[in-house]
Amino acid sequence: MTRNQRRDPRVVIIGAGMSGILMTIKLREAGITDICVLEKGESVGGTWRENRYPGLACDIPAHMYTYAFEPNPEWEHRFARGPEIRRYFEQVADKYDVVRDVRFNEAVERCVYEGGVWHLTTSKGAELEADLVISATGILHHPAYPDIEGLEQFEGECFHTARWPDKLSLKGKRVGIIGTGSTAAQVIPELVKEAGQVVVFQRTPQWIYPAPDREYDASLRAKVRKNPRLARRAYRWYTRAIELFFSRAVIGQRIPHFLMSWACRQHLKRKVKDPELRRRLTPDYTVGCKRVIVSTKFYDAIQAPNCRLVTEGIERVDANGVVTADGQHHGLDLLVLATGFHPFNFMRPMELVGRDGLHINKAWVKRVQAYRSLLIPGFPNFFLMLGPNTPIGNFSVIAMSEVQSHYLLQLIERWRRGEVQEIEATTEATERFNQYLRGGMAHTVWVGGCNSWYLDNEGVPAMWPYTWGQWVKEMSAPQWSDFTQGAGLSREARG
Ligand code: NAP
């Protein structure tokens with residue numbers, strides 16, 4: 001079969017966020033024409049469309065938080081604000097005319113593998129067939145609502161940070177916020193600017209790394225626009241710096257971890273002079289065990305005259321506020337839930353049914369796992385972008401998606417050449433891969449005595465426990481011996 005005779009698969013991509021946009025561009029570049037992107041929302045951008053809370057930003061440097069093939073001279077800050085990032089994804093989607101393949105406001109409700117083809121049913125009742133399905137639904141998009149007695153009785157406004165209402169006025173209000181993770185650390189400094197009073201309910205303190213932000217003014221942006229190599233250089237510089245520092249610190253490398261711990265401790269000491277408040281803000285677990293928060297504003301905000309830190313546990317919520325374990329009633333007009341996400345849902349609640357009626361809930365009943373984060377045995381020709389164990393400590397998910405897209409295109413290429421009908425990793429290879437991951441966890445800081453969204457139902461971190469470089473190397477080419485015979489690979493093709 002010559003290059004021009006290759007098969008053109010019918011591909012459905014679920015989601016038009018960062019990974020969905022990327023895959024549409026990359027599939028088209030590879031010559032695939034039959035692409036349909038099903039997007040539940042009304043525009044592209046995924047998490048950057050859904051999250052609209054005040055203070056929304058990305059704590060990965062902007063020049064690194066870009067597609068490698070689309071540097072952006074227009075970044076206005078070292079740590080880009082949410083609207084800037086949303087604009088960037090919209091512009092990339094426009095430039096590549098991604099939208100012509102997107103069906104908006106149409107979620108996938110069912111996806112069933114039958115007769116060697118995926119059959120999809122959407123929220124609009126449409127039925128589609130696909131040879132290949134790419135799930136690009138992201139990781140952190142199912143809000144986790146806390147199970148607190150009486151929460152539904154609260155009579156003021158109460159919402160999750162990922163469901164921030166448009167045109168909400170905080171002026172003069174008594175605002176409570178539950179949670180002190182990365183999201184809360186961005187919201188709280190904005191709340192104290194506008195609200196009358198802010199009450200922060202902290203269950204567990206967090207380590208905070210003080211990476212300074214900076215504005216990129218018009219003249220600097222013009223310089224980068226004129227010389228795009230500068231943006232590329234910044235991309236490489238930040239990638240290297242984060243990989244050598246953050247990403248190595250969290251997998252147990254002593255020097256970067258020592259430096260990161262020292263910087264977080266010094267930050268707390270320097271910013272919080274009151275010993276009692278400092279004690280309440282000091283975590284009792286190793287730095288990095290929970291995702292390190294990057295902020296230079298959080299400690300100032302907590303010490304603002306209109307802000308109060310509450311570390312007593314929450315007992316219940318009533319119509320007018322929150323009651324803590326010491327019996328104190330905290331009267332509130334508004335309650336913000338910065339309580340995080342369910343990171344193990346992935347494409348669910350969509351009904352995903354693989355070969356021989358295997359339901360995804362059954363396949364994942366013991367553990368949510370995949371081969372190389374991308375493939376689930378029993379679900380041929382179904383691929384998960386940013387699947388289980390993709391996250392690499394404080395690294396850019398865009399870079400991870402790009403590496404996965406390159407790997408995926410190599411799998412798809414074999415399907416196109418007719419060497420394979422079903423792309424599926426074996427159960428043994430998947431187990432072996434997950435054992436390999438588990439083997440690396442003991443040295444990481446994620447098992448350093450804390451509870452976090454990184455941990456699965458068995459308390460094992462769903463992360464990549466080795467270096468970024470090793471991930472890139474291992475993902476550079478598929479190991480075909482890890483794929484099923486049922487994939488129909490010819491001997492020659494298996495190599
Ligand atoms: P999170 O890190 O999971 O934090 C949730 C917070 O809510 C924690 O402080 C948690 O306390 C608290 N909480 C949950 N249930 C509670 C309850 N019933 N009672 C009291 N407190 C409760 O969630 P997040 O802050 O939304 O961040 C999630 C992830 O999103 C981050 O780790 C990061 O990967 C990503 N993110 C990234 C950026 C960025 O700039 N790149 C920004 C925001 C978010 P405990 O600690 O005690 O569990």
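In the annotation of an unreviewed UniProt entry, the entry for the chain reads NAD(P)/FAD-dependent oxidoreductase, and the organism field reads Aestuariirhabdus litorea.

The next point concerns the overall build of the chain. The helix and strand inventory of the chain stands at 14 helices and 19 strands. The dimensions of the chain, computed from C-alpha atoms along their principal axes, are 75 × 50 × 45 Å. Taking all 495 residues of the chain together, 58% fall into the buried category. Look at the contacts in the chain between residues 6 or more apart in sequence, and 71% of them connect residues 24 or more apart. Split by element, the accessible area of the chain, about 21,500 Å² in all, is 50% carbon and sulfur. If the 64 positive side-chain charges of the chain are averaged to one point and the 56 negative ones to another, these points end up 8 Å apart.

Around the ligand, a shell composed of 22 residues is seen, among which Asp59, Thr183, Thr204, Lys290 and Trp453 lie nearest. Between the ligand and Gln186, the relevant distance is 3.2 Å, taken from an oxygen atom to a side-chain nitrogen or oxygen of the residue. Within the side chain of Arg291, a nitrogen or oxygen atom sits 3.2 Å from an oxygen atom of the ligand. Considering the ligand on its own, with 910 Å² of exposed area, one finds that the protein chains cover 84% of that surface.

It is worth spelling out the layout of surface pockets at this point. Each pocket or cavity is described by its volume, and for the second largest pocket that value is around 500 Å³. Looking at the lining of the second largest pocket element by element, the count peaks at five residues for helix 4 (residues 182-194). The class makeup of the residues in the lining of the second largest pocket is 12 nonpolar, six polar and nine charged.

Applying the stated criterion to the full structure yields one disulfide. Here Cys289 connects covalently by a disulfide to Cys450, the sulfurs 2.1 Å from one another. Given an S-S torsion of about -95°, the disulfide between Cys289 and Cys450 has left-handed geometry. Of this pair, Cys289 sits in the loop between helix 8 (275-280) and strand 12 (293-294) while Cys450 is found in the loop between helix 12 (427-441) and helix 13 (468-474), placing the two residues 161 residues apart along the sequence. With respect to burial, Cys289 and Cys450 carry one shared label: buried. You can see Cys264 has no disulfide; the closest cysteine sulfur is in Cys289, sitting 13 Å from it. In this structure Cys264 comes out as buried when scored by relative accessible area, which is 0%.

Here is what the cut-offs are and how they apply
Residues numbered from 1 in each chain as written. Predicted model: local features only at pLDDT ≥ 70, side-chain atom pairs only at ≥ 80, totals over all residues. Heavy atoms only, no water. Helix = DSSP H or I, 4+ residues; strand = E, 2+ residues; numbered from the N terminus. Buried < 20%, exposed > 50% of the residue type's maximum accessible area, 1.4 Å probe, protein only. Contact = heavy atoms within 4.5 Å. Areas by Shrake-Rupley, 256 points an atom, 1.4 Å probe, with all protein chains shown as cover. Lys, Arg positive; Asp, Glu negative; His and termini not counted. Charge placed at Lys NZ, Arg CZ, Asp CG, Glu CD. Near = heavy atom within 4 Å. Polar contact = N/O pair within 3.5 Å; in protein donor to acceptor, adjacent residues only side chain to side chain. 1 Å grid on protein atoms, 1.4 Å probe; cavity = no way out; pocket = protein on both sides within 12 Å on 5 of 7 lines; lining within 4 Å. Points joined across faces, edges and corners; volume = space filled by probe spheres on them. Nonpolar A, V, L, I, M, F, W, Y, C, P; charged D, E, K, R; others polar. Disulfide = S-S within 2.5 Å.

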